[in-house]
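Below are the chains, spelled out letter by letter.
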Amino acid sequence: MPMTRTLQLKRDQILVLVSKDFKLKYNSTALGFAWSLIVPLFSSLIYFFVFGIMMRWRAENYPLYLISGNFMWQFFANVVMMNGRVLLRNSTLLKKTSFDRSLLIWGTFFTESLHFLLTIPILLGIMIVYGVVPQWTTLLPNLLVALSLLTLLAVGIGYAYAAINLYFRDLERIMGVIMMAWLFMSPVFIPISNVPEKFLWIYTVNPMAGILCTWRDIFYQPGFHPERFLILAPVCLIVFLLGRWIFRKLEPRFAEMM
């Protein structure tokens, strides 16, 4: 029973944090929650104009390729970047010893998960337009693998980023540059067929490349590739455990660093 009550308490605390994030983010905006769709859609239109029209890069159903990749990337990037200031935004909670500070990281993740879920109907609409039918026997495995790996990677980096940023505030600017470089080194809007062979090694050491490929297997190459999971799972798990260790290691001084 005590374990059940503890889990219920953490669940309720995460729900409060998610509700608080939504109110702070959208209460003073005219379009509210719609911004979670407008921003990735608008950025996708820009990428399509630059890469699809001006540079004439080609991939099968390129708008679907671009939008599906961009939605997944935005999910990942938002979890990471929003966690950079999550401790600063909730400074009063850091002084409460009974509060599990790691819930702030998970609260950000679940907030962005709701944003991501809202994009699914748009993807389904684009699939209908292009007549894309997923292979139902592999849809669930690919979806579970992609989301599980992304969770470990994004939350792990979020743990480390949130903790270190309290001690080294310049990290925010550095992370902005890192995430921009990471975006261009991932198959978000660049079809793999357009990447010179000498640069393909970048994708082999980039976990987001494997996650995006697994995600796109739902739309493009129906099939499940367990070898990709076996390679990526240890990497993402190490990132998660290392990030969590850094968070716990620095946690005792969080309150005094505010």
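Just so we're clear, the structure is a prediction, and the values are computed from it rather than from any experiment.

What counts and how
Residues numbered from 1 in each chain as written. Predicted model: local features only at pLDDT ≥ 70, side-chain atom pairs only at ≥ 80, totals over all residues. Heavy atoms only, no water. Helix = DSSP H or I, 4+ residues; strand = E, 2+ residues; numbered from the N terminus. Buried < 20%, exposed > 50% of the residue type's maximum accessible area, 1.4 Å probe, protein only. Contact = heavy atoms within 4.5 Å. Areas by Shrake-Rupley, 256 points an atom, 1.4 Å probe, with all protein chains shown as cover. Expected span 1.5 Å × (residues − 1). Axes fitted to C-alpha atoms, helices over the stretch in contact; angles between N-to-C directions. Parallel < 35°, antiparallel > 145°, perpendicular 65-115°, else oblique. Nonpolar A, V, L, I, M, F, W, Y, C, P; charged D, E, K, R; others polar. Polar contact = N/O pair within 3.5 Å; in protein donor to acceptor, adjacent residues only side chain to side chain. 1 Å grid on protein atoms, 1.4 Å probe; cavity = no way out; pocket = protein on both sides within 12 Å on 5 of 7 lines; lining within 4 Å. Points joined across faces, edges and corners; volume = space filled by probe spheres on them. Left-handed = near helix turned anticlockwise from the far one by under 90°. Patch = residues over 30% accessible without salt bridge, like charges linked within 9 Å, V, L, I, M, F, W, Y side chains within 5 Å. Salt bridge = Lys/Arg side-chain N within 4 Å of Asp/Glu carboxyl O.

A.B. asks: Describe the overall build of the protein chain, naming the residues involved and giving the relevant values.
C.D. replies: Along the backbone of the protein chain there are 11 helices and 0 strands. The order of helices and strands in the protein chain, counted from the N terminus, is α-α-α-α-α-α-α-α-α-α-α. The 258 residues of the protein chain split such that 47% are buried. Taking contacts inside the protein chain between residues at least 6 apart in sequence as the whole, the part at least 24 apart equals 79%. By element, 71% of the accessible surface of the protein chain is carried by carbon and sulfur atoms, the whole surface being about 13800 Å².

A.B. asks: I'd like to hear about helix H6 (residues 102–130), residue by residue, with values.
C.D. replies: One full turn of an α-helix is made of 3.6 residues, so residues set three or four places apart face in the same direction. When the terminal C-alpha atoms of H6 are compared, their 42 Å separation across 29 residues agrees well with the 42 Å that a helix rising 1.5 Å per residue should span. Positive backbone phi, approximately 65°, marks Gly131, located one or two places after H6.

A.B. asks: Lay out the packing of helix H3 (residues 62–82) against H6 in plain terms, naming residues and giving numbers.
C.D. replies: At their nearest, the axes of H3 and H6 sit 10 Å apart, and the two run at 175° to each other. Judged on the interaxial angle alone, H6 and H3 are roughly antiparallel. Where H3 approaches H6, its residues Pro63, Leu64, Ile67, Ser68, Phe71, Met72, Phe75, Asn78, Val79 and Met82 are matched on the opposing element by Thr108, Phe109, Glu112, Ser113, Phe116, Thr119, Ile122, Leu123, Ile126, Met127 and Tyr130. Considered class by class, the residues forming the contact of H3 with H6 number 15 nonpolar, 5 polar and 1 charged.

A.B. asks: If you had to explain the side chain of Asn165 to someone new, which residues and values would you point to?
C.D. replies: Here Asn165 lies in helix H7 (residues 136–167). Assessed through its relative accessible area of 1%, Asn165 is described here as buried. A polar side-chain atom of Asn165 sits 3.2 Å from a polar atom in the side chain of Glu172. If sequence neighbours within four positions are ignored, Asn165 has contacts with Gly84, Leu88, Leu171 and Glu172.

A.B. asks: Help me get a handle on the side chain of Thr108, residues and values and all.
C.D. replies: Tracing the backbone through its elements, the reader meets Thr108 in helix H6. Overall, Thr108 belongs to the buried group, its relative accessible area being 2%. Contacts of Thr108, omitting those with residues within four sequence positions, involve Asp21, Val79, Met82, Asn83, Val86 and Arg89.

A.B. asks: Describe empty space enclosed by the protein, naming the residues involved and giving the relevant values.
C.D. replies: Applying the stated criterion to the full structure yields 2 cavities of 30 Å³ or more. Approximately 40 Å³ is the volume found for the largest cavity. As for the largest cavity, its lining consists of Asn142, Val145, Leu149, Thr214, Phe224, His225, Arg228, Phe229 and Leu232. At the level of elements, H7 and helix H11 (226–250) are the ones that each hand at least two residues to the lining of the largest cavity. Its residues assigned to classes, the lining of the largest cavity comprises 5 nonpolar, 3 polar and 1 charged. The space that makes up the second largest cavity amounts to roughly 30 Å³. Considering the residues around the second largest cavity, the lining is formed by Leu17, Asp21, Val86, Asn90, Leu104, Gly107 and Thr108. Secondary-structure elements contributing two or more residues to the lining of the second largest cavity are helix H1 (2–26) and H6.

A.B. asks: Could you give an account of the packing of H7 against helix H10 (residues 207–216), with specific residues and numbers?
C.D. replies: Close contact between H7 and H10 brings their axes to 8 Å; oriented N to C, the two are set at 155°. Taken together, the axes of H7 and H10 lie roughly antiparallel to each other. Crossing hand, H7 versus H10: left-handed. Of the residues in H10, those in contact with Asn142, Leu143, Val145, Ala146, Leu149, Leu150 and Leu153 of H7 are Pro207, Met208, Ile211, Thr214 and Trp215. Of the residues belonging to the contact of H7 with H10, the class tally is 10 nonpolar, 2 polar and no charged.

A.B. asks: So, a nonpolar patch on the surface: which residues are in play, and what are the values?
C.D. replies: The grouping of Ile38, Phe42, Leu45 and Ile46 at the surface amounts to a nonpolar patch, some 390 Å² of accessible area in total. Locating Ile46 in the fold gives a position in helix H2 (residues 35–54). Judged by its relative accessible area of 41%, Ile46 is partly exposed.

Purely geometric numbers; function is a separate question.
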